[in-house]
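Observations on the model geometry
Single-letter residue listing:
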Amino acid sequence: MTTLPKEKSALAYLLSAPVIVASLGYFVDIYDLLLFGIVRIPSLTELGLDEAARSIEGASILNWQMTGLLLGGVLWGVLGDKKGRLSVLFGSIITYSIANFACGFVHDVFIYKILRFIAGVGLAGELGAGITLVSESLPKRLRALGTSLVAGVGVLGAVVGYFTVELFSWRNAYFIGGGMGILLLFLRIGVFESGMFHAMKAKEQLSKGNFFSFFTKKSRLILYLKCIGVGLPTWFVIGILATFSNEIGKALHITEVIKPGLAVMWCYVGLAAGDLVSGLLSYWLESRRKAVALLMLFAAIGTLIFLYAGIQTSTGLYLMCLWTGFGIGYWAMFVTIGAEQFGTNVRATAATTIPNMVRGTVVLMTTFYTFLKPQVMELYAAGIVGLICFAIGFYCIKTIPETHHKDLDFVED
């Protein structure tokens, strides 16, 4: 008499190698992604730039990094669908680990820009490939919990990044980031490719990783743009409210010095908690859309308080960074929604390009914010940018298809 193999428990799935390795990979990804924002002032000061030059060149370096993310998102997404999810996880981390080591030796602003661009290209592949691998490896009832666990652990890299800079020099912080990446490569040995990718790979006649396929069919393009729109409030909070918190603090007449690095850290502490809660909400409500909409509303209310409730202390401002960070904790759910909307043959391309398109919009947000400041001052400039981002976000999450119960074993024509 033969016995059927016992089905794995939910905990066994959530603690499986793909989930653990994707979580640690995203941890290193976030550490490195936000490291320049944390070391921006001390690193540029050591390179001999005055306050005005630090502001101009700091924004320029950030834009170079974000441009790298945009281009890297397309590159790694296509490779993920053509060569496999694991190939992207290995290739991307090698790229940004080498770039981060090199940043520790930089003595020239232009070279700094080039290295952050290369790091951006490398960083673009980590989250999308990890979320795709986890989504395809877990039962659909556990996908939301698994991907939220990945992001919840991952975003704590921002906290570690802040304290690393507090304890060590900015150059050593870059060396540590590169070292963590190399260690992660060894952990990835033994992680297996998803079965869905193997099944899709065998279909030689099928078009795989075609980025331009998102633009050849109107309904698919609209769906792709809506996926991007859902994520806009997340990087408004990080790229405007937290990154320019020192300017907002002055506009609010807060006498204490506001540290943008600390503001970003508190934002990501909230984001880590929000990511875990978003997964639980989606699991309980059996809806991605409802979970995202609730957290987006929480972030919108927090933004209004942040800018217009008359915060008078640094503690109050950091508390609002925590609040709005929690509200944008639907980041993992947003990436999961993007992965679940599209077939296996373009899923990695979608899951990798969509979050990096959102990250890339920071260039537009900061440019528009900078343009508006002389006209309406900091608080209203941030408010106008936020209004646009939240309006688009709410419209897109209201009209995008629900994917909670969707079977992912399908391909795009």
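Note that the structure is predicted; figures quoted are calculated from it, not measured. (Residues numbered from 1 in each chain as written. Predicted model: local features only at pLDDT ≥ 70, side-chain atom pairs only at ≥ 80, totals over all residues. Heavy atoms only, no water.)

1. Some remarks on unusual backbone geometry
What you tend to see is this: most non-glycine residues have negative phi, and most peptide bonds are trans. The phi angle at His253 is positive, at roughly 65°, despite the residue not being glycine. Along the chain, His253 turns up in the loop between helix 12 (245–251) and helix 13 (260–285). Taking the relative accessible area as the measure of exposure, His253 reaches 67% and is therefore exposed. Look at Met377: it is not a glycine, yet its phi comes out positive at around 75°. Looking at the secondary structure, you find Met377 in helix 17 (residues 347–399). (Helix = DSSP H or I, 4+ residues; strand = E, 2+ residues; numbered from the N terminus. Buried < 20%, exposed > 50% of the residue type's maximum accessible area, 1.4 Å probe, protein only.)

2. Let's talk about a nonpolar patch on the surface
Together, Leu11, Leu15, Ile20, Leu24 and Leu187 make up a nonpolar patch on the protein surface, roughly 450 Å² of accessible area in all. For Leu11, the position within the fold is in helix 1 (residues 10–14). (Patch = residues over 30% accessible without salt bridge, like charges linked within 9 Å, V, L, I, M, F, W, Y side chains within 5 Å. Areas by Shrake-Rupley, 256 points an atom, 1.4 Å probe, with all protein chains shown as cover. Salt bridge = Lys/Arg side-chain N within 4 Å of Asp/Glu carboxyl O.)

3. So, the domain arrangement of the chain
Partitioning the chain into structural domains gives domain 1 (15–192) and domain 2 (212–412). Each of domain 1 and domain 2 has a C-alpha centre, and the two are 19 Å apart. Counting residues at the interface gives 46 residues for domain 1 and 48 residues for domain 2. Interface area for domain 1 against domain 2, summed over the two sides, is near 3700 Å², with a carbon-plus-sulfur share of 67%. (Domains from an automatic or database assignment. Contact = heavy atoms within 4.5 Å. Buried area = accessible area lost by both parts, 1.4 Å probe.)

4. Digging into helix 5 (residues 109–123)
For helix 5, which comprises 15 residues, the first-to-last C-alpha distance of 21 Å matches the rise-based estimate of 21 Å (1.5 Å per residue) to within 8%. Along helix 5, the residues that are buried comprise Val109, Tyr112, Lys113, Leu115, Arg116, Ala119, Gly120, Val121, Gly122 and Leu123. Backbone nitrogen of Phe110 and a side-chain oxygen of the N-cap are separated by 3.0 Å at the start of helix 5; the cap is Asp108. (Expected span 1.5 Å × (residues − 1). Polar contact = N/O pair within 3.5 Å; in protein donor to acceptor, adjacent residues only side chain to side chain.)

5. Some details on empty space enclosed by the protein
On inspection of all chains with the given rule, the structure shows one cavity of 30 Å³ or more. If you add up the space inside the largest cavity, you get close to 50 Å³. If you go around the largest cavity, the residues you meet are Tyr26, Ile30, Val155, Thr234, Trp235, Ile238, Tyr268, Leu271, Trp331 and Arg359. Contributions of two or more residues to the lining of the largest cavity are made by helix 2 (17–46), helix 11 (218–242) and helix 13. A total of three residues in the lining of the largest cavity trace back to one element, the largest contributor, which is helix 11. In terms of residue class, the lining of the largest cavity is made up of eight nonpolar, one polar and one charged. Two domains share the lining of the largest cavity, each providing at least three of its residues, namely domain 1 (15–192) and domain 2 (212–412). (1 Å grid on protein atoms, 1.4 Å probe; cavity = no way out; pocket = protein on both sides within 12 Å on 5 of 7 lines; lining within 4 Å. Points joined across faces, edges and corners; volume = space filled by probe spheres on them. Nonpolar A, V, L, I, M, F, W, Y, C, P; charged D, E, K, R; others polar.)

6. Examining the layout of surface pockets
Considered as a void within the structure, the largest pocket measures approximately 1000 Å³ in volume. Lining the largest pocket are 42 residues, and of these Arg40, Ser55, Phe244, Asn246 and Glu247 lie nearest its centre. In terms of residue count, the dominant contributor to the lining of the largest pocket is helix 3 (residues 51–82) (ten residues). Both domain 1 (15–192) and domain 2 (212–412) contribute no fewer than three residues apiece to the lining of the largest pocket. Of the volumes computed, that of the second largest pocket is approximately 190 Å³.

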